[in-house]
Amino acid sequence: MTPEEFRAALAKRGVELSDEQMQQFQTYYEFLVATNEHVNLTAITKQEEVYLKHFYDSLLPALEVKDIQTRALSICDVGAGAGFPSIPLKIAFPNLKVTIVDSLNKRIKFLEELSQKLNLTDTHFYHARAEEFAGKKSEFRESFDVVTARAVARLSVLSEFCLPLAKLNGRFIALKAQKANEELADAKYAVATLGGKIEEDIQTALPKSDETRHIIVISKKKPTPNKYPRKPGTPAKQPLQAPQGRK
Ligand SMILES: C[S@@+](CC[C@H](N)C(=O)[O-])C[C@H]1O[C@@H](n2cnc3c(N)ncnc32)[C@H](O)[C@@H]1O
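So, how was this worked out
Residues numbered from 1 in each chain as written. Predicted model: local features only at pLDDT ≥ 70, side-chain atom pairs only at ≥ 80, totals over all residues. Heavy atoms only, no water. UniProt positions renumbered as here; feature names shortened; annotations may be inferred. Core = buried A, V, L, I, M, F, W, Y, C linked by side-chain atoms within 4.5 Å. Buried < 20%, exposed > 50% of the residue type's maximum accessible area, 1.4 Å probe, protein only. Helix = DSSP H or I, 4+ residues; strand = E, 2+ residues; numbered from the N terminus. Contact = heavy atoms within 4.5 Å. Near = heavy atom within 4 Å. Polar contact = N/O pair within 3.5 Å; in protein donor to acceptor, adjacent residues only side chain to side chain. Areas by Shrake-Rupley, 256 points an atom, 1.4 Å probe, with all protein chains shown as cover. Pairing = 2+ DSSP bridges. Salt bridge = Lys/Arg side-chain N within 4 Å of Asp/Glu carboxyl O.

In the nomenclature of an unreviewed UniProt entry, the chain is known as Ribosomal RNA small subunit methyltransferase G of Ligilactobacillus animalis. UniProt, in the comment section headed Subcellular location (unreviewed entry), describes the chain in these words: "Cytoplasm". As its UniProt record puts it under Sequence similarities (unreviewed entry), the chain is described as follows: "Belongs to the methyltransferase superfamily. RNA methyltransferase RsmG family."

1. What about the nonpolar core?
Counting 53 residues, the largest nonpolar core has Phe-6, Tyr-28, Phe-55, Tyr-56, Ile-87 and Phe-110 as its most contacted members. Mapped by element, the contributors of at least two residues to this core are helix 1 (3-12), helix 2 (19-35), helix 3 (47-64), helix 4 (86-92), strand 2 (97-102), helix 5 (105-117), strand 5 (166-176) and strand 7 (212-220). At 9 residues, the largest contribution of residues to this core is made by helix 3. When residues no more than four places from it in sequence are discounted, the contact partners of Tyr-56 are Met-1, Phe-6, Ala-9, Leu-10, Arg-13, Tyr-51, Leu-63, Leu-206 and Pro-207. In terms of nonpolar packing, the next biggest core, distinct from the first, is built from 31 residues, Ala-130, Val-157, Leu-194 and Leu-240 among them.

2. Details of the site of the ligand
Taken together, 16 residues are adjacent to the ligand, and Phe-84, Asp-102, Arg-107, Ala-130 and Arg-150 come closest. Between a nitrogen atom of the ligand and a side-chain N or O atom of Glu-131, the distance comes to 3.0 Å. When the free accessible area of the ligand is taken as 600 Å², the share hidden by the protein chains comes to 78%.

3. With respect to the pairing of strand 3 (residues 123-127)
Judged from the 5 bridges that link them, strand 2 and strand 3 form a sheet pairing that is parallel. Bridge pairing links Thr-99 to His-124 in strand 3.

4. Quick notes on the pattern of salt bridges
On inspection of all chains with the given rule, the structure shows 17 salt bridges. Among the salt bridges present, the one from Lys-208 reaches Glu-5, with a minimum N-O distance of 3.7 Å. Of this pair, Lys-208 sits in the loop between strand 6 (196-205) and strand 7 while Glu-5 sits in helix 1, and the two are 203 residues apart along the sequence. Judged by its relative accessible area of 80%, Lys-208 is exposed. Look at the salt bridges and you will find they share partners, linking Glu-49, Lys-53, Asp-57, Arg-150, Glu-211 and Arg-213 into a network.

5. Considering the pairing of strand 4 (residues 144-150)
Of all 7 residues in strand 4, 7 are buried; the element is thus mostly enclosed. The pairing of strand 1 (residues 74-78) with strand 4 spans 3 bridges and is parallel. By the bridge assignment for strand 4, Cys-76 is matched with Val-147. Pairing geometry for strand 4 and strand 5, over 6 bridges, is parallel. Bridging across to strand 5, Phe-144 finds its partner in Ala-166.

6. So, the UniProt feature "binding site: S-adenosyl-L-methionine" (unreviewed entry) in the chain
Mapped onto the present numbering, the UniProt feature "binding site: S-adenosyl-L-methionine" (unreviewed entry) falls on Gly-79, Phe-84, Ala-130, Glu-131 and Arg-150. With respect to the element layout, Phe-84 can be found in the loop between strand 1 and helix 4. Leave out the neighbours within four places in its chain, and Phe-84 touches Tyr-28, Leu-32, His-54, Phe-55, Ser-58, Asp-77 and Arg-150. For Ala-130, the location among the structural elements is in helix 6 (residues 130-133). Of the residues examined, Ala-130 reaches a relative accessible area of 9% and is grouped as buried. Aside from chain neighbours lying at most four places away, what touches Ala-130 is Val-78, Phe-161 and Pro-229.

See below:
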């Protein structure tokens, strides 16, 4: 998808980007590819692929969950890497307040520089493991309207990173490509244990492509018990699973 096709596809979905926003996406693309020469940020570097598979893909949550487009929501993006999905969301919807946490400091440094280049306001970057960032003593626990994550871990593990960060009545929105159905079934126990409720699995696709995407919306119904998230590494090693015989 060329930048102009990107703009037209979004306009078709009711999102009009200004020339300035288009320039921000272009600056993002150029800085991503230049930095990628010496810092491992992405395997996708062709312009048309970055616009489709990173930029447009990152905007899918806002195309499907409309209040992201207009409200001054606080968003925490867990494991954003080179900024996906939250930086494209912030460029397209400057109303958002974005916090990113990633365990790789080189990526956080890239994002800090990127944010300055794009003149973004209300963006905050933290080098930390999600398990610590969301811990019971953390000021960030249960403080965000929306928590997002793309390509970080399977849903049962991701729920333990993300649900503790969502406010009561807030949402955790996971961006998934394949195997979403399997992951959802496998994550039911974890989601319920952590205070969440699976609300929707919105199936969608990238334009001019048969690649399906799932936007999974989980609402935070109850506070997360203090013992979660467990210590760094444990959620991935021992994902929360129903005791034998329970579903
Ligand atoms: C495959 S990348 C995906 C990056 C981005 N979300 C995307 O969709 O392109 C996964 C990212 O999650 C980060 N990550 C993995 N486990 C993490 C954890 N426990 N806490 C914080 N960040 C984590 C990694 O450092 C990496 O930048």
